[in-house]
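A look at the structure
The lines below spell out each chain.
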Amino acid sequence: MPELPEVDTAAGVLRTVANGKIVASVERLHRVHRRLLPPAAVRRLIGAQVTAIERRGKHQLIRLGDGSTLHVHFRMTGDWEPGLTRDPLPPYARVVINFTDGSRVALTDPRALSTLTLHAPGVDPLPDLGLDATDPAFTAEVLDRALSKRRIAIKPALLDQCVVAGLGNIYATEALWLARIDPRRPASSLDRRELARLVKAIRRVLEKGEPWSVYDREGKRCHRCGTTIERITQAGRSTYWCPGCQDSASGPRSSAKRTRGARSDASARRPRTSRR
DNA sequence: CGTATCCTGACC
DNA sequence: GGTCAGGATACG
């Protein structure tokens, strides 16, 4: 659930609590995190000063005084819970970082899928990432370049962090609804107009935390056209979409750009569900 | 390209 | 007691 905006907020919390502080101790409360952060890493963390907190996409980087980096990814349910060392632990605390001034921050994570790893100076722990979805430099042109060679559908393509960094299943689903684009369309088949709509839609869904328009609304009626929302599985994930107003083609002009793969969804061009 | 894996709470 | 969700990665 934490996508770019939530991770950005969490990184802000972490910055407030941890920046400039010196690590006094580290507790690893879950088997997974004892493995990710072995005793040698804990020893290196103790006494280190936090010099900066950075965020890229859904990744957080905790820069330390000796040049090493603690790389954090929340995955599904991770979050930071600030507090004092003497406070009782919050529910689902998996890792606790105590500072020498008596403050602490706990990584809480019901599903314990979060990762937290220490990297030596000079090592870049980040995987290949596209521009942040909120980066002003993220434009239709950039998206076009990232998608032009992809043969997969647009929805799973948006989840690929190399294409654009920070989108998860919910916001990718919402952005396609807002841009009125069929999530099954081949990524390379979108024309410039659609890409521009999509970039705008991505910015909007990330900036406003509005209630979901399509996500988790299977069987309910589309707020825009009244058609019944459907759920499909793409790349193993749920996609919700409206067959009535998320077009599979943008019009005659798009045909020039459509590829061989695009033809396979021609049968879906007509909405399968009538309105009302 | 698809599918399994990690992990646990929620739900049936 | 079984299934599902979900991000990223590993694998077939």
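Refer to the structure printed above.
Presented here is an overview of the structure given in this document. Being a predicted model, the structure only gives us computed values, none of them experimental.

1. Considering the nonpolar core
In terms of nonpolar packing, the biggest core is built from 37 residues, with Leu143, Leu147, Ile154, Leu158, Leu198 and Ile202 touching the most fellow members. Listing elements by their share of this core, those giving two or more residues are helix 4 (140-147), helix 5 (154-159), helix 6 (169-178) and helix 7 (192-207). For this core, the element with the most residues is helix 7, which contributes seven residues. Not counting the four nearest positions on each side in its chain, Leu147 is found in contact with Ile154, Ala157, Val163, Ala187, Ser188 and Leu195.

2. Focus: the protein's contact with DNA strand C
For DNA strand C, the set of nearby residues contains 13 residues, the closest of which are His73, Arg75, Arg111, Asn169 and Tyr215. Among all atoms of DNA strand C positioned within 4 Å of the protein, those belonging to sugar or phosphate total 64%. Contact distances for DNA strand C include 3.1 Å between a base nitrogen and a side-chain N or O atom of Arg237. Its residues assigned to classes, the surface near DNA strand C shows three nonpolar, five polar and five charged.

3. Description of the protein's contact with DNA strand B
Taken together, His30, Arg31, Val32, Tyr92, Arg94, Pro110, Arg111, Ala112, Leu113, Arg151 and Ile152 are the residues near DNA strand B. Counting only atoms of DNA strand B within 4 Å of the protein, the fraction found in sugar and phosphate groups is 84%. Within the side chain of Arg31, a nitrogen or oxygen atom sits 3.2 Å from a phosphate oxygen of DNA strand B. Between DNA strand B and Arg111 there is a distance of 3.5 Å, counted from a base oxygen to a side-chain nitrogen or oxygen. Grouping the constituent residues of the surface near DNA strand B by class yields six nonpolar, one polar and four charged.

Conventions and cut-offs
Residues numbered from 1 in each chain as written. Chains lettered and ligands numbered in written order. Predicted model: local features only at pLDDT ≥ 70, side-chain atom pairs only at ≥ 80, totals over all residues. Heavy atoms only, no water. Core = buried A, V, L, I, M, F, W, Y, C linked by side-chain atoms within 4.5 Å. Buried < 20%, exposed > 50% of the residue type's maximum accessible area, 1.4 Å probe, protein only. Helix = DSSP H or I, 4+ residues; strand = E, 2+ residues; numbered from the N terminus. Contact = heavy atoms within 4.5 Å. Near = heavy atom within 4 Å. Polar contact = N/O pair within 3.5 Å; in protein donor to acceptor, adjacent residues only side chain to side chain. Nonpolar A, V, L, I, M, F, W, Y, C, P; charged D, E, K, R; others polar.

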